[in-house]
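# Descriptive analysis of the structure
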Amino acid sequence: MTSPIEAIAAIIKNFTDEEPKLPLHVGEVMDLWTAFTAFKEAHTLYQVALHTTIDRDLKAVLEEALACSLADTKRVEEFLIKEGVPLPLVNPDKPESDPSSVPEGVKLTDDEIANLISVKVAGSITFCAQAMSKTIRTDVGLLFFSIQVNLMKFAAPLKNLMKSRGWLRVPPKYSPPGAPHPPK
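This write-up is about the structure you can find in this document. (Residues numbered from 1 in each chain as written. Predicted model: local features only at pLDDT ≥ 70, side-chain atom pairs only at ≥ 80, totals over all residues. Heavy atoms only, no water.)

Turning next to the overall build of the protein chain. If you tally the helices and strands in the protein chain, you get five helices and zero strands. In sequence order, the secondary structure elements of the protein chain are arranged as α-α-α-α-α. When the 184 residues of the protein chain are sorted by exposure, 33% land in the buried category. Looking at the protein chain alone, contacts between residues at least 24 apart form 79% of all its contacts between residues at least 6 apart. When the accessible surface of the protein chain is split by element, carbon and sulfur atoms take 64% of a total near 11800 Å². (Helix = DSSP H or I, 4+ residues; strand = E, 2+ residues; numbered from the N terminus. Buried < 20%, exposed > 50% of the residue type's maximum accessible area, 1.4 Å probe, protein only. Contact = heavy atoms within 4.5 Å. Areas by Shrake-Rupley, 256 points an atom, 1.4 Å probe, with all protein chains shown as cover.)

Counted by the stated rule, this structure contains one aromatic pair. A centroid spacing of 6.1 Å and a plane angle of 70 degrees characterise the contact between Phe127 and Phe144, whose relative ring orientation is edge-to-face. Of the two residues, Phe127 sits in helix α4 (residues 110–134) while Phe144 sits in helix α5 (residues 138–165), which places them 17 residues apart along the sequence. Owing to a relative accessible area of 22%, Phe127 belongs among the partly exposed residues under this scheme. (Phe/Tyr/Trp six-rings, centres within 6.5 Å; stacked < 30°, edge-to-face > 60°.)

Let's shift gears to the pattern of salt bridges. Counting across every chain of the model gives eight salt bridges. For Glu41, the salt bridge goes to Lys120, with nearest N and O atoms at 2.5 Å. Of the two residues, Glu41 sits in helix α2 (residues 26–50) while Lys120 sits in helix α4, which places them 79 residues apart along the sequence. The shortest N-O distance in the salt bridge between Glu83 and Arg137 comes to 2.8 Å. In this pair, Glu83 is assigned in the loop between α3 (56–82) and α4 and Arg137 in the loop between α4 and α5, connecting sequence segments 54 residues apart. One network of salt bridges, in which partners are shared, links Asp55, Asp57 and Arg165. (Salt bridge = Lys/Arg side-chain N within 4 Å of Asp/Glu carboxyl O.)

Let us look at the nonpolar core. If you look at the biggest cluster of nonpolar residues, it comprises 35 residues, and the most contacted ones within it are Leu32, Tyr46, Leu62, Val76 and Ile117. Of all the secondary-structure elements, those providing two or more residues to this core are α2, α3, α4 and α5. Sorting elements by how many residues they give to this core places α5 first, with nine residues. In this structure Val76 touches Leu32, Phe36, Phe39, Leu143 and Ile147, once residues within four positions along its chain are discounted. (Core = buried A, V, L, I, M, F, W, Y, C linked by side-chain atoms within 4.5 Å.)

Attention shifts here to the packing of α3 against α5. Relative placement of two packed helices is described by the angle separating their axes and the distance separating the axes. Their axes nearest at 11 Å, the elements α3 and α5 cross at an angle of 170 degrees. Classified by the angle their axes make, α3 and α5 are roughly antiparallel. Along its contact with α3, which presents Asp57, Leu58, Val61, Ala65, Asp72, Arg75, Val76 and Phe79, the element α5 presents Asp139, Val140, Leu143, Ser146, Ile147, Asn150, Phe154, Leu158, Leu161 and Arg165. Across the contact of α3 with α5, the residue classes break down as eleven nonpolar, two polar and five charged. (Axes fitted to C-alpha atoms, helices over the stretch in contact; angles between N-to-C directions. Parallel < 35°, antiparallel > 145°, perpendicular 65-115°, else oblique. Nonpolar A, V, L, I, M, F, W, Y, C, P; charged D, E, K, R; others polar.)

Glancing now at the side chain of Ser69. Along the chain, Ser69 turns up in helix α3. In this structure Ser69 touches Phe39, His43 and Tyr46, once residues within four positions along its chain are discounted.

Structural data, given as structure tokens:
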């Protein structure tokens with residue numbers, strides 16, 4: 001069994017290996033294509049949320065999320081184009097609107113916005129990890145890794161905002177049968 005230091009050294013060597021790039025395999029293409037589509041879909045969600053909320057703190061988090069997501073999506077787009085992969089069709093950007101003109105039956109609450117985005121970010125973090133585990137090419141793995149790190153950097157302030165506002169949805173406590181119950 002290798003030590004943690006040996007494992008880290010092997011990973012770093014793999015990331016810095018200068019061997020010629022293999023062609024992308026079908027799994028790498030599909031993951032990049034799916035990421036591009038999902039990230040474009042996230043832009044729509046961020047735009048709708050920005051045009052719905054009036055909460056300044058939530059707006060700041062959403063603006064940061066959109067800016068980072070646009071940059072990550074551009075990197076994936078450029079990578080796909082460089083590799084000769086056609087881009088999927090995506091929805092156009094949403095026009096700006098006045099939050100007060102959104103009807104109540106359609107308007108998302110700040111709590112709903114934060115939780116939708118939190119779930120989207122968590123799913124994207126998991127997707128990036130899964131995509132990294134399947135890739136053979138180092139550059140694809142590093143691309144997904146850097147996007148995952150960006151998502152995690154965004155997730156922490158979002159979770160803190162959700163906690164401070166009481167928006168964080170926490171599952172009920174679980175005590176397995178037979179476990180000692182703490183005093184109340």
